[in-house]
Amino acid sequence: MGELRRSFHEELEEIKAGIVQMAALVTEAVPRATESLLESNLGLAQQVINADDELDDLAVHLEERCHHVLALQAPMASDLRALSSALKLNAELERSGDLAVNIAKATRRIYGTRYDAILRGLLVRMNEEACRLVRLSIDAYVDGNAGLASALSDIDDQLDSLNRECVQAVFQAHQADTIDLQAAVQLCLISRYYERIGDHAVNIGERVVYMVTGWLPEYTGSARLKIRQSQHIDDTPEE
């Protein structure tokens, strides 16, 4: 039995390492996508799109590994929470990677757009804040830090505020005729993609709290509606 438990916890540690690797890929992809956008670099945008295959493959591997451990080990209590949380984090990070790809794809749609200093600055700050939230969420996961995990929702307020500022700056730029309607629409979506990456980090934080304490927040009907609406925007198909 002792040998089985050692094997099980070794599996958990390897799954955790895989989750950390996924987070690292996300926090590499988002700044590269941002650079491709701001510099109108189509080659870099394509690199971001192509690199997502690695993240997708890792996500599939981790999901299969979690299911394998669940089937063979039948874990209970905290061990079961750790595995179910890994599955949840896997999905959140995979989707965050998809959002980085969305930013890169938008670069192709508005290639050549010139950004004023205000709009450029806001996009850079949203990029930085989104990556910071992902890193903090994974720090909370690795350390089992429920306090940090719980604080992510409040920390995310900054990114929400930047999203509103960015959309307003896009409207102003369009009214000033410095960007066309196509670019304005795409930039509003891009701002939303950054904001959604932050939301995924908050979701990771909630799952970490559950992993550590066994508690999950209860959502009201209106909260569930908000989540569904948010996911609808998040899952807008990309060409």
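To start, this report covers the structure provided alongside it. (Residues numbered from 1 in each chain as written. Predicted model: local features only at pLDDT ≥ 70, side-chain atom pairs only at ≥ 80, totals over all residues. Heavy atoms only, no water.)

## A word on the pattern of salt bridges
Counted under the stated rule, the structure contains eight salt bridges. Two residues, E11 and R65, come together in a salt bridge whose shortest N-O distance is 2.8 Å. Of this pair, E11 sits in helix 1 (residues 2–38) while R65 is found in helix 2 (residues 42–73), placing the two residues 54 residues apart along the sequence. Here R65 falls in the partly exposed class, since its relative accessible area comes to 22%. Put simply, R196 and D199 hold a salt bridge, and the shortest N to O gap is 3.1 Å. With R196 and D199 both in helix 7 (residues 181–213) and three residues apart, this pair spans about one turn of that helix. Each of the salt bridges in this network shares a partner with another, and the network as a whole consists of E11, E14 and R65. (Salt bridge = Lys/Arg side-chain N within 4 Å of Asp/Glu carboxyl O. Helix = DSSP H or I, 4+ residues; strand = E, 2+ residues; numbered from the N terminus. Buried < 20%, exposed > 50% of the residue type's maximum accessible area, 1.4 Å probe, protein only.)

## Notes on unusual backbone geometry
Trans peptide bonds make up the majority, and among non-glycine residues the majority have a negative phi. Positive phi, close to 50°, is recorded for S40, a residue that is not glycine. Inspection of the secondary structure assignment puts S40 in the loop between helix 1 and helix 2.

## Brief notes about the packing of aromatic side chains
Taken as a whole and judged by the stated rule, the model has zero aromatic pairs. A cation over a ring is seen here: K16 above Y141, with NZ or CZ 5.7 Å from the ring centre. (Phe/Tyr/Trp six-rings, centres within 6.5 Å; stacked < 30°, edge-to-face > 60°. Lys NZ or Arg CZ within 6 Å of the ring centre and 35° of its normal.)

## Here we look at the nonpolar core
Residues L93, Y115, L119, L123, L187, I190 and Y194 are the most contacted members of the largest nonpolar core, which totals 70 residues. If you list the elements that add at least two residues to this core, you get helix 1, helix 2, helix 3 (77–109), helix 4 (117–143), helix 5 (146–155), helix 6 (157–175) and helix 7. When sequence neighbours within four positions are dropped, the list of residues in contact with L119 reads C166, A169, V170 and L187. (Core = buried A, V, L, I, M, F, W, Y, C linked by side-chain atoms within 4.5 Å. Contact = heavy atoms within 4.5 Å.)

## A closer look at the packing of helix 4 against helix 5
Across the interface, helix 4 lies against helix 5 with an axial gap of 9 Å and an inter-helix angle of 165°. Judged on the interaxial angle alone, helix 5 and helix 4 are roughly antiparallel. Between helix 4 and helix 5 the crossing geometry is left-handed. The residues of helix 5 that touch helix 4, namely those facing E129, R132, L133, L136, S137, D139 and A140, are L148, A149, L152 and I155. (Axes fitted to C-alpha atoms, helices over the stretch in contact; angles between N-to-C directions. Parallel < 35°, antiparallel > 145°, perpendicular 65-115°, else oblique. Left-handed = near helix turned anticlockwise from the far one by under 90°.)

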